[in-house]
Amino acid sequence: MYRPILSSSKRNLSKLLFTTSNYNAARSNLISIRYMATSTPLGVDTSIENNLKTETNKLSKTLSKFWEKVEIINENDPKNGKHKLTITLDSKPIKTLLGNKLQVDTDREYLALMLLNEWSTLPSLKIKSHSLPLTSIVSRCIDLENALNDLDLLNSDPELAAKIGCKDRSTISNLLLRYLDTDTLLCFSPKKDLDGALRTEQDELYLPIIKKIEQFLTPYGPEKASGEKEKVRLEILDAEVHGLRGNQQNELTKKAATNFMNQLSLWDLVVFEKTVLTTKSFICGILLLKSNEFGVDMETIAKLSTLETIHQTARWGEVEDTHDVAKRDIRRNINAAAIVAYKEPNV
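Keep in mind that this is a model prediction, so the values were computed, not measured.

Turning our attention to the pattern of salt bridges. Close approach of charged atoms allows side chains of opposite charge to pair. Inspection of the entire model under this criterion finds eleven salt bridges. Salt-bridge contacts for Lys69 lead to Glu71; the nearest nitrogen and oxygen are separated by 3.8 Å. Looking at Glu71, the relative accessible area reads 27%, which means it is partly exposed. Residues Asp203 and Arg199 are paired through a salt bridge, measuring 3.0 Å at the closest nitrogen-oxygen approach. Pair noted here: Asp203 and Arg199 are both in helix 9 (residues 197-217), with a separation of four residues, about one helical turn. Residue Asp203 is classed as partly exposed on the basis of its relative accessible area, which comes to 28%. Judged by relative accessible area, which is 8%, Arg199 ranks as buried. Among the charged side chains, a network of salt bridges with common partners joins Arg199, Asp203 and Asp238.

Turning our attention to the confidence of the model for the chain. When pLDDT is averaged along the chain, the result is 81, and 78% of the positions lie at 70 or above. At the level of individual helices and strands, the chain shows its lowest average pLDDT in helix 1 (residues 8-16), which scores 37, and its highest in helix 13 (residues 282-289), which scores 97. Contacts of residues 1-38 to residues separated by more than four positions or lying in other chains number 27 contacts, the stretch itself having pLDDT below 50. Below a pLDDT of 50 lies the segment residues 43-49, which in the model reaches nine contacts outside its immediate sequence neighbourhood of four places, other chains included.

With that settled, the discussion passes to helix 17 (residues 323-341). Spanning 19 residues, helix 17 covers 27 Å between terminal C-alpha atoms, matching the ideal 27 Å at 1.5 Å per step. Taken together, the buried positions of helix 17 are occupied by His323, Ile330, Arg331, Asn333, Ile334, Ala336, Ala337, Ala338, Ile339 and Val340.

So, on to the side chain of Lys280. If you trace the backbone, Lys280 turns up in the loop between helix 12 (266-279) and helix 13. A distance of 2.9 Å separates a polar atom in the side chain of Lys280 from the backbone oxygen of Leu277.

Two quantities define a packed helix pair, namely the angle between the helix axes and the distance between the axes. In the contact formed by helix 5 (residues 133-148) and helix 12, the axes pass within 9 Å of each other and the chain directions differ by 135°. Classified by the interaxial angle, the pair formed by helix 5 and helix 12 is oblique. In this structure, the crossing between helix 5 and helix 12 has a hand that is right-handed. Counted together, Ile137, Val138, Arg140, Cys141, Ile142, Leu144, Glu145 and Leu148 of helix 5 and Leu266, Trp267, Val270, Glu273 and Lys274 of helix 12 form the full contact between these two elements. Taken together, the residues of the contact of helix 5 with helix 12 sort by class into nine nonpolar, no polar and four charged.

End to end, helix 9 covers 30 Å across 21 residues, agreeing with the expected 30 Å (1.5 Å per residue, within 8%). At Tyr206, helix 9 shows its maximal kink, close to 30°; a proline, Pro208, follows between one and four residues later. All of the buried residues in helix 9 are Leu198, Arg199, Glu201, Gln202, Tyr206, Ile209, Ile210, Ile213, Glu214, Phe216 and Leu217.

Parameters at a glance
Residues numbered from 1 in each chain as written. Predicted model: local features only at pLDDT ≥ 70, side-chain atom pairs only at ≥ 80, totals over all residues. Heavy atoms only, no water. Salt bridge = Lys/Arg side-chain N within 4 Å of Asp/Glu carboxyl O. Buried < 20%, exposed > 50% of the residue type's maximum accessible area, 1.4 Å probe, protein only. Helix = DSSP H or I, 4+ residues; strand = E, 2+ residues; numbered from the N terminus. pLDDT = per-residue confidence, 0-100. Contact = heavy atoms within 4.5 Å. Expected span 1.5 Å × (residues − 1). Polar contact = N/O pair within 3.5 Å; in protein donor to acceptor, adjacent residues only side chain to side chain. Axes fitted to C-alpha atoms, helices over the stretch in contact; angles between N-to-C directions. Parallel < 35°, antiparallel > 145°, perpendicular 65-115°, else oblique. Left-handed = near helix turned anticlockwise from the far one by under 90°. Nonpolar A, V, L, I, M, F, W, Y, C, P; charged D, E, K, R; others polar. Bend = angle between axes of the 7 residues up to and from the residue.

In structure tokens form, the structure reads like this:
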């Protein structure tokens, strides 16, 4: 068994980490690990390379810029006869990880322009394809949509199912549903933690949102015998009352949440997936997709999902190359998801 070699003084010092006076500091370090987790969608396996002849693979392997012009081409999609905006490098379409064209509908022209900008202004050639935030999400949308539209092929090709991470959309929904049990916005700290400042702000910010989310999910739930909808009630995890234990939503809430996900388009489901995995919050996923309805912006969503870290770093300071990186990464992912979700009206 490996044991670190410590001097006598260091051994005594290490014991102090577990005293009551240092409990909050130790707890802070453990909780901070949560925000260092990689928020990778289910179907993206960055540990396995493939040799598909795609532009993203070529870029990551050669680390050299092999194009002169990045353009948007409006072309007809032979599958459905609709016009698509295709992102091209020297007139050749960029391909997703599964070899599909990187293209969007004409009502996402803003997204197409942002994709063009992403490829035109790469900060470094030493970059993996999944590190391109917009390209990563859009590729996931396109690959998932194409795969789920051909279920016979998907069920007969285990390799394809492994690449997208599921055999049907219910797999994604069931995994995302787990985040509702211990949602970031449903976990409340003890009242004395951080001199009560954290709990006070959690009560001010989280409780009104929880009430609105309950009202939002109620129409997606089952009906009573009278024809009225059963009211959704979200179970919270209050450390002041419940201590350290798990949390679980009731079946009514789970059914309503599942019905909400089932009515999402595949593109919105991928955006929802990215947001939930980034924020560790099912509620934040709803807030992003329905930001106009709830009156929240992306910075507010980032703050809600990292409120505990904000208070901890204000008290004990930031860890260089950890908290500062996580702060920017979560905002990058949330804003990228919001851009992909946006559709221009009246197109």
